[in-house]
Each structure stands twice: as C-alpha cells, then as structure tokens.
Amino acid sequence: EAGVVQSPRYKIIEKKQPVAFWCNPISGHNTLYWYLQNLGQGPELLIRYENEEAVDDSQLPKDRFSAERLKGVDSTLKIQPAELGDSAVYLCASSLGGGAGNEQFFGPGTRLTVL
Amino acid sequence: AQSVTQLDSQVPVFEEAPVELRCNYSSSVSVYLFWYVQYPNQGLQLLLKYLSGSTLVESINGFEAEFNKSQTSFHLRKPSVHISDTAEYFCAAGNTGGFKTIFGAGTRLFVKA
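Residues numbered from 1 in each chain as written. Chains lettered and ligands numbered in written order. Predicted model: local features only at pLDDT ≥ 70, side-chain atom pairs only at ≥ 80, totals over all residues. Heavy atoms only, no water.

A. Expanded view of the interface of chain A and chain B. The interface of chain A with chain B comprises 23 residues on the first partner and 21 residues on the second. For the chain A and chain B pair, buried surface summed over both sides reaches about 1,600 Å², with 54% attributable to carbon and sulfur atoms. Joining chain A to chain B, the criterion identifies three residue pairs in polar contact (both at pLDDT 80 or more). Contributing elements (two or more residues each) for the side of chain A that touches chain B: strand S4 (31-37) and strand S5 (44-50) of chain A. The class makeup of the residues in the side of chain A that touches chain B is eight nonpolar, eleven polar and four charged. (Contact = heavy atoms within 4.5 Å. Buried area = accessible area lost by both parts, 1.4 Å probe. Polar contact = N/O pair within 3.5 Å; in protein donor to acceptor, adjacent residues only side chain to side chain. Helix = DSSP H or I, 4+ residues; strand = E, 2+ residues; numbered from the N terminus. Nonpolar A, V, L, I, M, F, W, Y, C, P; charged D, E, K, R; others polar.)

B. Quick peek at the side chain of Arg48(A). Note that Arg48(A) resides in strand S5. Residue contacts for Arg48(A): discarding those within four places in its chain leaves Thr31(A), Leu32(A), Tyr33(A), Glu53(A), Ala54(A), Val55(A), Asp56(A), Gly98(A) and Phe99(B).

C. Seen up close, the sheet that holds strand S7 (residues 65-68) of chain A. Residue and element names in this part refer to chain A. In space, the four strands of this open sheet follow the order S1-S3-S8-S7, with antiparallel pairing throughout. Of all strands in the sheet, those bounded by a partner on one side alone are strand S1 (5-7) and S7. Put simply, the sheet's adjacent strands are angled 15° from each other on average, direction ignored. In this structure, S1 lies alongside strand S3 (residues 19-24), joined through three bridges in antiparallel fashion. If you follow serine 7 over to S3, its bridge partner there is tryptophan 22. (Pairing = 2+ DSSP bridges. Axes fitted to C-alpha atoms, helices over the stretch in contact; angles between N-to-C directions.)

Here is the structure:
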C-alpha cells in the first residue's frame, strides 16, 4: 500500500514569491492534516480536513496561507507571499478518522527555504 | 492535552546499552499517548500508543513505554539498542474524545558502535 505522498521534497524560493505544496493521502483516509515543523521542534497543526471540509484551521495564518482539498482526496497548501520566517518543513498526514486516538500516517515532508 | 515536554533533545548511547527517552504531558482530562519515530529522510511513523487498558505498551522492535498518570509521564525505554535505532523520537498526546494531537519537540537518539 502506498504511503502519503508529498511533492516537491525540497523547494527554494525568494521572499515574496508564491509557493505550493501537494499531498496525496493514503487511499480511504478521510482525515488529512497539514503540519509545520520548525527546526528542532515537533509538528504543529496548521489545518485539518474531514473529507473536503476544513474543520480546524485555527492555526493557519490566513493572510498568506491557504489550503484546499478538492473532492476530499488530494490537498494543496499555498503560501503567497512567502516570508523568510516560513522556512521550515511542511508535513502532510492522513488518518482513517479525525479522533485524537487515531494513528496518523505522515509523508516525508517538503523542506522550504525562503531566501 | 495542553503541552508535551521531551526532556532531552539529544541522547547519545552505545550499542547494546539501555536507553530511556523521557516524556511528560500536561492535561486536565484523560489522554491518548503516542511515540512516533522518524528515520532520516522519512516521515514520522507510529512506534507505539496508549489508548486505554494496560499502562505498559510495547512495540514490535523491542521498545516499551509506560503510562504513569500520577507522574503525567510516558517514558520510552529499550533494554538494548541497535545502530538502526538511530532516529528522532517524538512523544505526542491527544485528549480522549478530542481531535487534536500535540507533539513534543523530539529527542534525537544517536547509537554509537
């Protein structure tokens, strides 16, 4: 069974440029998460989807970040414009259900460097 | 859970020695507890979890963790580590009946020959 797929794996951009990350979750997983992981820190939730609905986006900086999960499968996270402080690893995860007791399956992440 | 604290950022240990990675959490309600492992260039993957029942949980590769409610801890232990256990380990907690998982900052385990 294929795991969570993310692309690109690495991205280098200049500040003020836009950037987008793509995630394909495990087939059948209704819940999809985007996390931010800064160097030396654990993952921090940005947004959680149940199917195509964003049910928790309280930590998403909506002035520059946006996300979508059309048809409740693949998801895209966008930053426009990027700032130096956005340099981090962006993780996508999926699970069968959204409850906190569910195992989350993580992709390898996208490492973003903003120059 | 409000927070998860991993007390050691790095733990160097010799091969075949025992190891303990410490994790404490804070929560006003019952919690689920997890340990995830991240090998180089890979995503996090579940190592073991406590949902309810026996407070001692084990993984298939020899790790174990014990839920201690009075100490609000969920320390990870292995009696004899291998070189292949070199990785970053994340402790995580979520409130029973809730939807959010809080991760600790991670502990980098480095096993030396």
